[in-house]
Amino acid sequence: MKIYRNERFGEERALYGVDGAELIECSFDGIEDGESALKEGKNIKCNNVFFNLRYPLWHDSTVLIENSEMTELCRAALWYSKDITVVDSKLNGIKALRECKDISIANSTISSAEFGWRCSKIDVRGGSISGEYAFFESKNLNLEGVEFSGKYSFKSLILPGVPITTCGCIFKVLFCFVLSIPPLISLTRHPSSASDKSLALMYNCKANSRVGAVITTCTSFNSGSILSIIGIKKA
């Protein structure tokens, strides 16, 4: 594996088709404004890498991204790729993940509209996700211990195979979450600690949308609180 350390890449397709590369404290940036830096590569490790250019990782396989940052200018960062692991990183560009499979994300901060469209086998643990229309038409999705905010998300999830486990959602977002899950999913009343007003709001959501989520281990439905959601099940 070739090691690149403290290097800057600004040109178009700078490391196109690379097979076996470890980038340490490198950057994809510069006035050259080149795109698709690592397109069609495989066996790539990125540690403390700064991504500030478009489309860096398209059609790639077996990629590890650690302690790295993708800025708002790093649009559409991960598309059509497989076997991707992201740890302790920041993904800030729009449409950061699309039509990928076998994705593992841990303890990362994601701020990306239209994140995770048409993906398969996504596992997200810890960290946060913020952005509208997340996970459109995705399947085999697992979220655990994630702080999530973003309206119109989880639309047209492909069933079966969409467990969402111990996922923390902010109150104001939960109802967008509920309203946007596709039909044929049941809502179960469980949390005895929730207020009558909160339950009334929840039932109103169900009445208007005929969809819902199985809610358990919820400490409160008060505005701004974090609650735990376990399971999305077919009616």
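Residues numbered from 1 in each chain as written. Predicted model: local features only at pLDDT ≥ 70, side-chain atom pairs only at ≥ 80, totals over all residues. Heavy atoms only, no water.

1. A few points about the overall build of the protein
- Each helix and strand in the protein was counted, giving 2 helices and 21 strands.
- Buried positions account for 49% of the 235 residues belonging to the protein.
- Intrachain contacts of the protein at a sequence separation of at least 6 include 22% that bridge at least 24 residues. (Helix = DSSP H or I, 4+ residues; strand = E, 2+ residues; numbered from the N terminus. Buried < 20%, exposed > 50% of the residue type's maximum accessible area, 1.4 Å probe, protein only. Contact = heavy atoms within 4.5 Å.)

2. Observations concerning the pattern of salt bridges
- Considering all chains together, one arrives at 9 salt bridges under this definition.
- K42 is paired through a salt bridge with D19; the nearest N and O atoms lie 3.9 Å apart. Linking K42 in strand 5 (residues 42–47) with D19 in strand 3 (residues 19–24), this pair joins segments that are 23 residues apart in sequence.
- Owing to a relative accessible area of 40%, K42 belongs among the partly exposed residues under this scheme.
- Of the residues examined, D19 reaches a relative accessible area of 46% and is grouped as partly exposed.
- Within the structure, one salt-bridge network assembled from shared partners comprises D33, E35 and R54. (Salt bridge = Lys/Arg side-chain N within 4 Å of Asp/Glu carboxyl O.)

3. Quick word on the sheet that holds strand 10 (residues 78–79)
- With parallel pairing, 3 strands are arranged side by side in an open sheet as 7-10-13. Edge positions in the sheet fall to strand 7 (57–58) and strand 13 (97–98), since each has one partner strand and no second.
- Pairing of strand 10 with strand 13 involves 2 bridges; the strand directions are parallel. When the sheet's bridge partners are listed, W79 is paired in strand 13 with R98. (Pairing = 2+ DSSP bridges.)

4. Considering the nonpolar core
- Residues L23, F28 and F135 are the most contacted members of the largest nonpolar core, which totals 42 residues.
- Among the elements of the structure, strand 3, strand 5, strand 8 (61–66), strand 11 (82–87), strand 14 (101–106), strand 16 (120–125) and strand 18 (139–144) are those that each provide at least two residues to this core.
- Apart from residues no more than four positions distant in its own chain, F28 is found in contact with F9, L15, L23, A37, L38, V49, F50, F51, N52 and L53. (Core = buried A, V, L, I, M, F, W, Y, C linked by side-chain atoms within 4.5 Å.)

5. Points about the confidence of the model for the protein
- Model confidence for the protein is summarised by a mean pLDDT of 74, while 64% of its residues fall at 70 or above.
- Per-residue pLDDT stays below 50 along residues 159–163; that stretch engages in 13 contacts with residues further than four places along the chain or on separate chains.
- When the criterion is pLDDT under 50, residues 165–235 qualifies, and its contacts beyond four places in sequence or with other chains add up to 142 contacts. (pLDDT = per-residue confidence, 0-100.)

6. Quick notes on the side chain of D60
- Turning to its location among the elements, D60 is positioned in the loop between strand 7 and strand 8.
- Among buried Asp, Glu, Lys and Arg side chains, D60 stands out as unpaired, with K39 the closest opposite charge at 9.4 Å.
- A polar side-chain atom of D60 sits 3.3 Å from the main-chain amide nitrogen of E40.
- Polar side-chain contacts of D60 include one of 2.4 Å to the backbone nitrogen of G41.
- If near-sequence neighbours (up to four positions away) are discounted, D60 is found in contact with L38, K39, E40, G41, K42, I44, Y80, S81 and K82. (Lys, Arg positive; Asp, Glu negative; His and termini not counted. Polar contact = N/O pair within 3.5 Å; in protein donor to acceptor, adjacent residues only side chain to side chain.)

7. A look at the packing of aromatic side chains
- Using the criterion set out here, one finds 9 aromatic pairs in the structure.
- On the basis of an interplanar angle of 0 degrees and a centroid distance of 4.9 Å, the ring pair of W58 and W79 is categorised as stacked. Within this pair, whereas W58 is found in strand 7, its partner W79 is found in strand 10, the two being separated by 21 residues in sequence.
- A residue is classified by how much of its surface remains accessible, and W58, at 18% relative accessible area, is buried.
- You can call W79 buried: its relative accessible area is 11%. (Phe/Tyr/Trp six-rings, centres within 6.5 Å; stacked < 30°, edge-to-face > 60°.)

8. Thoughts on the sheet that holds strand 11
- The sheet built from 8 strands is open, its strands ordered 1-3-5-8-11-14-16-18 with parallel pairing. Every other strand in the sheet has two partners, leaving strand 1 (2–5) and strand 18 as the edge strands with one partner each. Neighbour to neighbour, the strand axes of the sheet diverge by 5 degrees on average, direction disregarded.
- Sheet analysis places strand 5 next to strand 8, joined by 5 bridges and oriented parallel. Within strand 8, the position partnered with C46 by the bridge is I65. (Axes fitted to C-alpha atoms, helices over the stretch in contact; angles between N-to-C directions.)

9. Considerations on a positive patch on the surface
- Together, K82, K101, K121 and K139 give the surface a local cluster of positive charge.
- Within the secondary structure, K101 is located in strand 14. (Patch = residues over 30% accessible without salt bridge, like charges linked within 9 Å, V, L, I, M, F, W, Y side chains within 5 Å. Areas by Shrake-Rupley, 256 points an atom, 1.4 Å probe, with all protein chains shown as cover. Charge placed at Lys NZ, Arg CZ, Asp CG, Glu CD.)

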